[in-house]
Amino acid sequence: MSNGMRCRCARCMCSGLMGPVVLITLGVLFLVGKMNVGYGFGDLWPVLLIVIGLVKIAQAMASTEGHTGPGQPGQPGQ
Ligand SMILES: [Zn+2]
């Protein structure tokens, strides 16, 4: 995955965002669940799916201009 040469094209940047965005979302969901707002993590977990979907959409729409890695960017199984 990481070969030392990081591609700076928009799509690869979006791919790199997926992990941190999921972690941040999880953290926020647990935090909200901890606060006494009437929603627990059990109510809020679908937000995570929505966020992952949004990142996927951003990834699909992001430009691959300047892509320097091997193969097609953002396609699994390469
Ligand atoms: Zn790229």
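Before any of the text, the structure's been laid out above.
Residues numbered from 1 in each chain as written. Predicted model: local features only at pLDDT ≥ 70, side-chain atom pairs only at ≥ 80, totals over all residues.

*Asks:* Break down the overall build of the protein for me, citing the residues and quoting the values.
*Replies:* What the protein contains, in helices and strands, is three helices and zero strands. Listed N to C, the secondary structure of the protein is α-α-α in terms of helices and strands. For the protein, with 78 residues in total, the buried portion stands at 9%. Within the protein, counting contacts between residues at least 6 apart in sequence, those at least 24 apart form 65% of the total. (Helix = DSSP H or I, 4+ residues; strand = E, 2+ residues; numbered from the N terminus. Buried ≥ 20, exposed ≤ 12 C-beta atoms within 10 Å, placed from the backbone. Contact = placed C-beta atoms within 7 Å.)

*Asks:* Break down the environment of arginine 11 for me, with residues and values.
*Replies:* Residue position: arginine 11 is located in helix α1 (residues 10-34). Using a count of 23 C-beta atoms within 10 Å as the deciding quantity, one classes arginine 11 as buried. When the C-alpha positions of arginine 11 and methionine 61 are compared, they lie 7.8 Å apart, and in sequence the two are 50 residues distant.

*Asks:* Residues and numbers for the environment of valine 47, please.
*Replies:* Along the chain, the position of valine 47 falls in helix α3 (residues 46-61). The exposure class of valine 47 is partly exposed, given the 16 C-beta atoms found within 10 Å. Along the primary structure valine 47 and threonine 25 are separated by 22 residues, whereas in three dimensions their C-alpha atoms are 8.1 Å apart. Setting aside chain neighbours within four positions, we find valine 47 in contact with Thr25 and Leu29.

*Asks:* Outline α3, listing residues and values.
*Replies:* Here α3 is 16 residues long and its end C-alpha atoms lie 23 Å apart, about the 22 Å a rise of 1.5 Å per residue gives. Counting buried positions over the 16 residues of α3 gives zero, only a small fraction of the element. (Expected span 1.5 Å × (residues − 1).)

Note that all results are geometric; they support no functional claim without further evidence.
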